[in-house]
Amino acid sequence: MDDRDETAGRRDGEAVEPEEPVVYRQTRYKAPDGAAELLLIRHGASEPARPDRPFPLVNGHSDPGLAPEGREQAERVGERLAEVKLDAIYVTPLRRTSQTAAPLARRLGLEPRVEHDLREVHLGEWEGGLFRKRVADGDPVAQRLFAEERWDVIPGAEASEAFAGRVEASLTRLAAAHAGARIAVFTHGGVIAQALAAATGSRPFAFLAPDNGSISCLVRLGDVASVRGFNDVSHLDWSVAAPLT
């Protein structure tokens, strides 16, 4: 086609509409096809430790129940996630996780499944509530633990490599079982810290001590993981929380 063809039928002086320029807009994040979205929820605040009343143990792990404030946090987690489409709810063998998951499970009509390998790191001789006391007292071993970022400086504690291995294996298994879906995993502060440190290649304790009742988000596809959120506690405020997207 020559210039005469392009102008045929157009009146002299008629404006020519310019072509729309090509633009590339920013878009919202979308998980890769087949990826699993894991909402890692730390249990609500548990009962205080008392020197004269050690926590009961389950397979050597401390098993306190929720404190009153922990039960309130559990209700708020349930409210926050009540409209979120979930494929499953997971808890650990320790009752503070199942108690925290209960309000959400009741709202959604889902039966929580127990994932044993996402139980908290084993604290050896400092189980039963002694860990809290040693940390509060500034025990030299506790100071060394945080300086070296290794749980196994505590006598009899779980080796850090073993802990990391079981957390990684569990998350890989859950992600494969729920490919393309979203699940809620009610677990522990040490487990969440380990999962996010592994995903980011950070120092071991970089994500330690997420708040009780907080929500963190991990997207996994095979052995590739991305952190999409950490320590979301907006639902724990008295103000109305924004919806989780």
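Just so it is clear, the structure is predicted and the values come from calculations on it, not from any experiment. (Residues numbered from 1 in each chain as written. Predicted model: local features only at pLDDT ≥ 70, side-chain atom pairs only at ≥ 80, totals over all residues. Heavy atoms only, no water.)

Here's the deal with the overall build of the chain
Argument step 1. Scanning the chain from N- to C-terminus turns up seven helices and eight strands.
Argument step 2. Taking 245 residues into account, the globule formula puts the C-alpha radius of gyration at 18 Å, and the chain, at 25 Å, lies well above it.
Argument step 3. Across its three principal axes, the chain shows a C-alpha extent of roughly 100 × 40 × 35 Å.
Argument step 4. Burial statistics for the chain: of 245 residues in total, 42% are counted as buried.
Argument step 5. Long-range pairs, those at least 24 residues apart, make up 70% of the contacts in the chain between residues at least 6 apart in sequence.
Argument step 6. A total of about 13700 Å² of accessible surface is found on the chain, and carbon and sulfur atoms cover 50% of it.
Argument step 7. Averaging the locations of the 30 positively and 38 negatively charged side chains of the chain gives two centres separated by 6 Å. (Helix = DSSP H or I, 4+ residues; strand = E, 2+ residues; numbered from the N terminus. Rg over C-alpha atoms; globule rule 2.2 N^0.38 Å. Buried < 20%, exposed > 50% of the residue type's maximum accessible area, 1.4 Å probe, protein only. Contact = heavy atoms within 4.5 Å. Areas by Shrake-Rupley, 256 points an atom, 1.4 Å probe, with all protein chains shown as cover. Lys, Arg positive; Asp, Glu negative; His and termini not counted. Charge placed at Lys NZ, Arg CZ, Asp CG, Glu CD.)

Some points on the packing of aromatic side chains
Argument step 1. Applying the stated criterion across every chain yields a total of five aromatic pairs.
Argument step 2. Aromatic side chains Phe131 and Trp151 sit 6.3 Å apart centroid to centroid with 50° between the ring planes, which places their arrangement in the tilted category. Taken together, the positions of Phe131 in helix α4 (residues 130-136) and Trp151 in the loop between α5 (140-148) and α6 (160-177) put the pair 20 residues apart, joining distant regions of the chain.
Argument step 3. The exposure class assigned to Trp151 is buried, which follows from its relative accessible area of 9%. (Phe/Tyr/Trp six-rings, centres within 6.5 Å; stacked < 30°, edge-to-face > 60°.)

Quick look at the side chain of Ser216
Argument step 1. Inspection of the secondary structure puts Ser216 in strand β7 (residues 215-221).
Argument step 2. Engagement of the side chain of Ser216 in a polar contact is seen with the backbone nitrogen of Asn231, the distance being 3.0 Å.
Argument step 3. Discounting residues that sit within four places of it in the chain, Ser216 has contacts with Leu38, Leu39, Leu40, Ile192, Leu196, Gly229, Phe230 and Asn231. (Polar contact = N/O pair within 3.5 Å; in protein donor to acceptor, adjacent residues only side chain to side chain.)

Structural notes on helix α7 (residues 189-200)
Argument step 1. With twelve residues, α7 extends 17 Å from end C-alpha to end C-alpha; this agrees with the ideal 16 Å at 1.5 Å per step.
Argument step 2. For α7, the buried fraction is high: nine of the twelve residues fall into the buried class.
Argument step 3. Along α7, the residues classified as buried are Gly189, Gly190, Val191, Ile192, Ala193, Gln194, Ala195, Leu196 and Ala197.
Argument step 4. Residues of α7 that are buried in the fold lie against β1 (36-42), α6, β6 (182-187), β7 and β8 (224-232).
Argument step 5. Looking one or two residues beyond α7, the residue adopting positive phi is Gly201, at roughly 70°. (Expected span 1.5 Å × (residues − 1).)

Regarding the pairing of β6
Argument step 1. In terms of residue burial, β6 counts as a mostly covered element, since five of its six residues are buried.
Argument step 2. In this sheet, β6 lies alongside β1 in parallel orientation, the contact comprising six bridges. Across the sheet, Leu38 pairs through a bridge with Ile183, a residue of β6.
Argument step 3. In terms of strand pairing, strand β4 (residues 88-91) meets β6 through three bridges, oriented parallel. For Ile89, the partnering residue across the bridge sits in β6 and is Ala184. (Pairing = 2+ DSSP bridges.)

Looking at the sheet that holds β1
Argument step 1. Here six strands make up an open sheet; going across it, the order is β5-β4-β6-β1-β7-β8 and the pairing mixed. Among the strands making up the open sheet, the edge pair consists of β5 (113-114) and β8.
Argument step 2. Packing of α7 onto the sheet brings it into contact with β1, β6, β7 and β8, and relative to β1 it is tilted by some 140°. (Axes fitted to C-alpha atoms, helices over the stretch in contact; angles between N-to-C directions.)

Regarding the packing of helix α2 (residues 68-81) against helix α3 (residues 95-108)
Argument step 1. Put simply, α2 and α3 touch, their axes get as near as 7 Å, and they point 35° apart. Once α2 is placed against α3, the crossing between them reads as right-handed. Judged by residue contacts, Ala74, Glu75, Gly78, Glu79 and Leu81 of α2 engage Gln99, Thr100, Pro103, Leu104, Arg106, Arg107 and Leu108 from α3. (Left-handed = near helix turned anticlockwise from the far one by under 90°.)

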